[in-house]
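The primary structure of each chain is shown beneath.
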Amino acid sequence: MTRRNISTGKASEAKNAHSAGVVASGDFLFTSGITPRDDAGNLVGVGDMAAQIDRTLANLEDVLRAAGTGFADVVKLTVFVTNIDAYRDARTASGACIDAAMSAAPASTLVEVSRLADPDMMVEIEAVALK
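Residues numbered from 1 in each chain as written. Predicted model: local features only at pLDDT ≥ 70, side-chain atom pairs only at ≥ 80, totals over all residues. Heavy atoms only, no water.

Undergrad: Explanation requested: the environment of N42 in the structure shown.
TA: Topologically, N42 is positioned in the loop between β3 (28–31) and α1 (49–66). Look at N42 and you get partly exposed, because its relative accessible area is 44%. The spacing of N42 and S12 is 30 residues in sequence and 8.3 Å in space, taken between C-alpha atoms. (Helix = DSSP H or I, 4+ residues; strand = E, 2+ residues; numbered from the N terminus. Buried < 20%, exposed > 50% of the residue type's maximum accessible area, 1.4 Å probe, protein only.)

Listed below in structure tokens is the structure:
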């Protein structure tokens, strides 16, 4: 089996003990949980679910692009949120990234959790994409 860790080159990645994504056997990309942080690692959109969704999906798109793939190749999304109702309401207010992320109609799981790694973080998304 071959394995290649994916990096977008963002400074915030150096702070993590995991890869933004991993391509295994050259066929699939498995991402880590992607969060709503800017390129420097600062949390974006505190208290604003729509802003956090948009930033998380933009960051996911960066990882997909760095691996040579895109939203059209995503086969599975797992979305972790701290409030499902707020997520559902915010999805309609989110930008174009949500439409792009769902363009291939991937399998998707939505999970409400009591909290994420940062107490102000409201969403985290991981993906599996065809490579």
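After presenting the structure, the write-up continues.
Undergrad: Sorry if this is basic, but what is going on with the nonpolar core here?
TA: Soluble, globular proteins show a tendency: their nonpolar side chains are buried together. Membership of the largest hydrophobic core comes to 29 residues, with the highest contact counts inside it found for M49, L57 and L60. Put simply, the parts of the chain that give this core at least two residues each are α1, β4 (74–81), α2 (84–93), α3 (96–101) and β6 (123–130). With seven residues, the single largest contributor to this core is α1. If near-sequence neighbours (up to four positions away) are discounted, M49 is found in contact with V81, N83, A86, Y87, A90, M122 and V123. (Core = buried A, V, L, I, M, F, W, Y, C linked by side-chain atoms within 4.5 Å. Contact = heavy atoms within 4.5 Å.)

Undergrad: Would you take a moment to explain the packing of aromatic side chains for this structure?
TA: To describe a pair of aromatic rings, one takes the distance between the centres and the angle between the planes. With the rule as written, the count across this model stands at one aromatic pair. Plain terms: the ring middles of F28 and F30 are 6.2 Å apart, the flat faces sit at 45 degrees to each other, and that makes the pair tilted. Residue classification places F28 among the partly exposed positions, given a relative accessible area of 34%. (Phe/Tyr/Trp six-rings, centres within 6.5 Å; stacked < 30°, edge-to-face > 60°.)

Undergrad: Hey, could you run me through the side chain of T35 in this one?
TA: In this fold, T35 is placed in the loop between β3 and α1. Beyond its immediate stretch of four places on either side in the chain, T35 contacts T56, N59, M121, V123 and E124.

Undergrad: Would you mind going over the packing of α1 against α2 with me for this structure?
TA: The axes of two packed helices give the description: the angle between them and the distance between them. Where α1 meets α2, the axes come as close as 8 Å, and the angle between the chain directions of the two elements is 70 degrees. By the angle class used here, α1 and α2 are roughly perpendicular. In the packing of α1 onto α2, the handedness of the crossing is right-handed. In contact with M49, A50 and I53 of α1, α2 contributes A86, Y87, A90, R91 and A93. The class makeup of the residues in the contact of α1 with α2 is seven nonpolar, no polar and one charged. (Axes fitted to C-alpha atoms, helices over the stretch in contact; angles between N-to-C directions. Parallel < 35°, antiparallel > 145°, perpendicular 65-115°, else oblique. Left-handed = near helix turned anticlockwise from the far one by under 90°. Nonpolar A, V, L, I, M, F, W, Y, C, P; charged D, E, K, R; others polar.)

Undergrad: Any chance you could explain the environment of T78 here in plain terms?
TA: Here T78 lies in strand β4. By relative accessible area, T78 is classed as buried at 13%. Counting along the chain gives 28 residues from T78 to P106, while the straight-line C-alpha distance between them is 9.9 Å.

Undergrad: Before we go on, may I ask you to explain the sheet that holds β4 in this structure?
TA: For sheets, the rule is that strands pair by backbone hydrogen bonds, running either parallel or antiparallel. Taken in spatial order, the six strands make up an open sheet running β1-β2-β3-β6-β4-β5, and their pairing is mixed. Both edges of this open sheet fall to β1 (3–6) and β5 (107–112), since each of them pairs with a single strand only. Put simply, the sheet's adjacent strands are angled 15 degrees from each other on average, direction ignored. Of the strands in this sheet, β1, β2 (21–24), β3, β4 and β6 are in contact with α1, which crosses β6 at around 30 degrees. (Pairing = 2+ DSSP bridges.)

Undergrad: Whenever I open this one, the pattern of salt bridges confuses me. Can you help?
TA: Pairing of side chains with opposite charge becomes possible as their charged atoms draw close. Throughout the structure, instances matching the rule amount to six salt bridges. When the shortest N-O distance is used, the salt bridge between K10 and D62 registers 2.8 Å. Placement of K10 in the loop between β1 and β2 and of D62 in helix α1 is noted, with a sequence separation of 52 residues between them. On the basis of relative accessibility, which here comes to 24%, the residue D62 falls in the partly exposed class. Two residues, D39 and R55, come together in a salt bridge whose shortest N-O distance is 3.1 Å. Taken together, the residues D39 in the loop between β3 and α1 and R55 in helix α1 connect sequence positions 16 residues apart. (Salt bridge = Lys/Arg side-chain N within 4 Å of Asp/Glu carboxyl O.)

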